[in-house]
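Understanding the architecture of this molecule
So you can see what is in the structure, the chains are spelled out below.
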Amino acid sequence: MLTDKLQDKCRGSLVGGAVGDALGYPVEFDCSFKQIQSKYGEDGIKEYDLTYPWLDQKFDKALFSDDTQMTLYTAEGLLEAVRSGKDIVPTICNAYLAWYGHQVGKKVKISYQSELSKIEELNQRRAPGNTCINSLMLIHSGKDPENSSKGCGGIMRVAPIAIYGACHGWSLEKTALIAGESAELTHQHPLSTYASAALAVIVYQCLSADNVDSETFLSIVNATLVVTAQLYGDNAPGMNDFKKIIEKTIPLEHNPLPDWRIIENSLGGGWVAEETLAIAIFSVLRHIDDFNACMSSAVNHGGDSDSTGAVAGNIIGAILGYDAIPDKFKDTIQLKELLLSTADDLFRN
C-alpha cells in the first residue's frame, strides 16, 4: 500500500469517528427514529445541527461529544507511552485522568505534561458517561474500580490504538489486547472488553487492506470473531453472546426494511458495547461505498446515536479514507486541525 494512501485512511478513521459523533450528538437522547423525524424530517438528521439548545448558544462548528474527547486522550496517552518508553495502558489511564479533571473541575496530577489539557475547547463538558467519571474518580483516589458495566464508553474511544498498531507493525493480537485493556480501565464487563478489542481488529484490518468491498468486509468481521475468541477463550463468559449479536448483523445487510427499523427491531440502541459495534458493522455493510449513507444509518435510530456514529465513522473512514468524507462534514467539525495532526502523529511516530 502506498504510504500516502495509508495516511489518508488513518485520517479518515479518526476524523470519520468525530464526524459520526458530531452528527449523532444532537439526537443522542431521542428515544426513537420517529422522534428524530419530528425534528429533522422524513429522512432524519443528515446534516450537522449547530443550534445545541441545551447549551444556550449557537456555534459555527459542529461539536463532538465526550466520545471524541476521550478518543483524542487515548491517542495522547498512547503516543506519550511510545515516546517515553512507559507502559501503554497505565499512560493511557493518566491521559483519561487529565480529561476527568476538566470534567469535574479538579486539579489532577499525572505522569506527563498533557498538551490536550491546555485546549479549552476540547475539554468542555459534553455529556460524559457516568461509568467513565465514576471509575476515574476511584482511580484518582487510589482505588480500583469494580463494576460490571458493558456500556459503550469503552469501545467508542479505542480507534487510535488500532491506527497506531496498523501503522507500526503491531500484531492483531497485541492491538486487540491493548484496546480491550484500555476499555477495562473504566468498563469491566467482558462484553465491553470483547467489543473494544474487536473494533480495534476491524479498524486495523480495514486500514491494512488495499480495497475493502462488502465481501472483504464480511471476511474481516468473521476473522475478527476468530481472533477475539482465540484471545479470550471460545468458552469465556459472554463470548457466545458477543458472537451471536455480531453474527446476527450479517444477513441484515439484505433485509428490505429501512435501516432504522432494522436497528431498532433487531440490534438495540447501542447503549452497550456489543450493540454499538453491531450497529456500526450493519451500517458499514449496508453502505460500504457511501460515507453519507453510512453515517445517516448509524445515527438515525432511538439509541446512543453519537457513539454508534463514532464507531461506524472509525470503520468506514478506515475503508474509504479522509478524501472520501464530504467537505460539508470535515470542514465544519470542531478542532479539525487537531484531529488531522493527531492522526498524522499516530501514522508517523
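This write-up is about the structure you can find in this document. All values reported here derive from a predicted model rather than from experimental measurement.

**A word on the overall build of the chain**
What the chain contains, in helices and strands, is 16 helices and 0 strands. Against the globule reference of 20 Å for 349 residues, the chain gives a C-alpha radius of gyration of 18 Å, in line with a compact fold. Of the contacts formed within the chain by residues at least 6 apart in sequence, a portion of 75% connects residues at least 24 apart. About 13400 Å² of surface is accessible on the chain, with carbon and sulfur atoms providing 48% of the total. Here the chain carries 29 positive and 45 negative side-chain charges, and the mean point of each set is 4 Å from the other.

**Let's talk about helix H9 (residues 214-232)**
Spanning 19 residues, H9 covers 27 Å between terminal C-alpha atoms, matching the ideal 27 Å at 1.5 Å per step. Buried residues along H9 sit in contact with helix H7 (172-184), helix H8 (190-208), helix H10 (239-252), helix H12 (273-286) and helix H14 (305-320). Of the residues one or two after H9, Gly233 is the one with positive phi, at around 105°.

**Let's talk about the packing of helix H6 (residues 159-167) against H7**
In a packed pair of helices, the relevant descriptors are the angle between the two axes and the axis-to-axis distance. The N-to-C vectors of H6 and H7 enclose an angle of 160°; their axes lie 9 Å apart at closest approach. By the angle between their directions, the pair H6 and H7 is classed as roughly antiparallel. For the element pair H6 and H7, the recorded crossing hand is right-handed. Side by side, H6 and H7 meet where Ile161, Ala162 and Gly165 of the first sit next to Thr175, Ile178, Ala179 and Ser182 of the second. Of the residues contributing to the contact of H6 with H7, the split by class is 4 nonpolar, 3 polar and no charged.

**Re H12**
Helix length check: H12, at 14 residues, gives a terminal C-alpha distance of 20 Å against a target of 20 Å (1.5 Å per residue), a fit within 8%. By the criterion of burial, H12 is predominantly enclosed, with 13 of the 14 residues buried.

**A look at the pattern of salt bridges**
Evaluation of the coordinates by the stated rule reveals 10 salt bridges. Across the salt bridge formed by Lys5 and Asp210, the nearest N and O atoms sit 3.0 Å from each other. Residue Lys5 is located in helix H1 (residues 3-24), and its partner Asp210 is located in the loop between H8 and H9; the two are separated by 205 residues in the primary sequence. Lys5 sits in the partly exposed class, given a relative accessible area of 30%.

**A look at a negative patch on the surface**
A cluster of like negative charges, contributed by Asp213, Glu215, Asp289 and Asp290, occupies part of the molecular surface. Position of Asp289 relative to the elements: it lies in the loop between H12 and helix H13 (291-299). On the basis of relative accessibility, which here comes to 67%, the residue Asp289 falls in the exposed class.

**Here's the deal with the packing of aromatic side chains**
In the structure shown here, the tally under the stated rule is 11 aromatic pairs. Pairing Tyr52 with Trp54 gives two aromatic rings, centres 5.6 Å apart and planes at 90°, and the pair type is edge-to-face. Judged by relative accessible area, Tyr52 falls into the buried class, the value being 1%. Between the NZ or CZ atom of Lys330 and the centre of the ring of Tyr322, over which it lies, the distance is 4.2 Å.

**Concerning unusual backbone geometry**
The phi dihedral of Tyr52 falls on the positive side, at around 45°, and the residue is not glycine. By the element assignment, Tyr52 lies in the loop between helix H2 (33-40) and helix H3 (66-84). With a phi close to 55°, Leu335 is a non-glycine residue in the positive phi region. The buried category is assigned to Leu335, whose relative accessible area is 17%.

**Description of the state of the cysteines**
Going through the model one piece at a time under the given rule, you end up with 0 disulfides. Here Cys167 is not disulfide-linked; the sulfur of Cys10 is the nearest cysteine sulfur, at 3.3 Å. Accessibility expressed as a relative area gives 19% for Cys167, which makes it buried. Counting only cysteine sulfurs, Cys206 is the nearest neighbor of Cys294, a cysteine outside any disulfide, at a range of 11 Å.

The rules behind these values
Per chain, residues are indexed from 1 in the order of the written sequence. This being a predicted model, a pLDDT of at least 70 is required before a residue's local features are given, and a value of 80 or more before pairs of side-chain atoms are given or counted; all residues contribute to the totals for chains, interfaces and linings. To obtain the side-chain values, all non-hydrogen atoms of the structure were included, while hydrogens and water were left out. Helix and strand definitions follow DSSP, with helices as H or I runs of at least four residues and strands as E runs of at least two, each counted in order from the N terminus. As a reference, a globule follows 2.2 Å times the number of residues to the power 0.38, and the radius of gyration itself is taken over C-alpha atoms. Here, two residues are considered to be in contact whenever any of their heavy atoms come within 4.5 Å of each other. Computed with the Shrake-Rupley method and a 1.4 Å probe, the accessible areas treat only the protein chains shown as cover for residues. By the counting scheme adopted, Arg and Lys are positive, Glu and Asp are negative, and His together with the chain ends is not counted. Each charge is placed at NZ for Lys, CZ for Arg, CG for Asp and CD for Glu. Expected helix span is given by 1.5 Å per residue-to-residue step, counting one fewer step than there are residues. Orientation is described by axes fitted as lines to C-alpha atoms, over the contacting stretch for helices, and by angles from 0 to 180 degrees between their N-to-C directions. What sets the label is the angle itself: under 35 degrees gives roughly parallel, over 145 gives roughly antiparallel, 65 to 115 gives roughly perpendicular, and the rest give oblique. Here is the rule for handedness: rotate from the far helix to the near one, and if that takes an anticlockwise turn smaller than a right angle the crossing is left-handed, while a clockwise turn gives right-handed. Each residue is assigned to one class: nonpolar for Ala, Val, Leu, Ile, Met, Phe, Trp, Tyr, Cys and Pro, charged for Asp, Glu, Lys and Arg, and polar for all the others, Gly among them. Three exposure classes are used, based on accessible area relative to the maximum for each residue type with a 1.4 Å probe and protein chains only: buried under 20%, partly exposed in between, and exposed over 50%. Any Lys or Arg side-chain nitrogen found within 4 Å of a carboxyl oxygen on Asp or Glu counts as a salt bridge. Patch members must show over 30% relative accessible area and no salt bridge, and they are joined within 9 Å when carrying like charges or within 5 Å when they are nonpolar side chains of Val, Leu, Ile, Met, Phe, Trp or Tyr. For Phe, Tyr and Trp, rings pair up if their centres lie within 6.5 Å, where Trp contributes its six-membered ring, and each pair is then called stacked (planes under 30 degrees apart), edge-to-face (over 60) or tilted (otherwise). Throughout this description, the term charge over a ring refers to an Arg CZ or Lys NZ atom that lies within 6 Å of the ring centre and within 35 degrees of the ring normal. Two cysteine sulfur atoms form a disulfide, by the criterion used here, when they sit within 2.5 Å.

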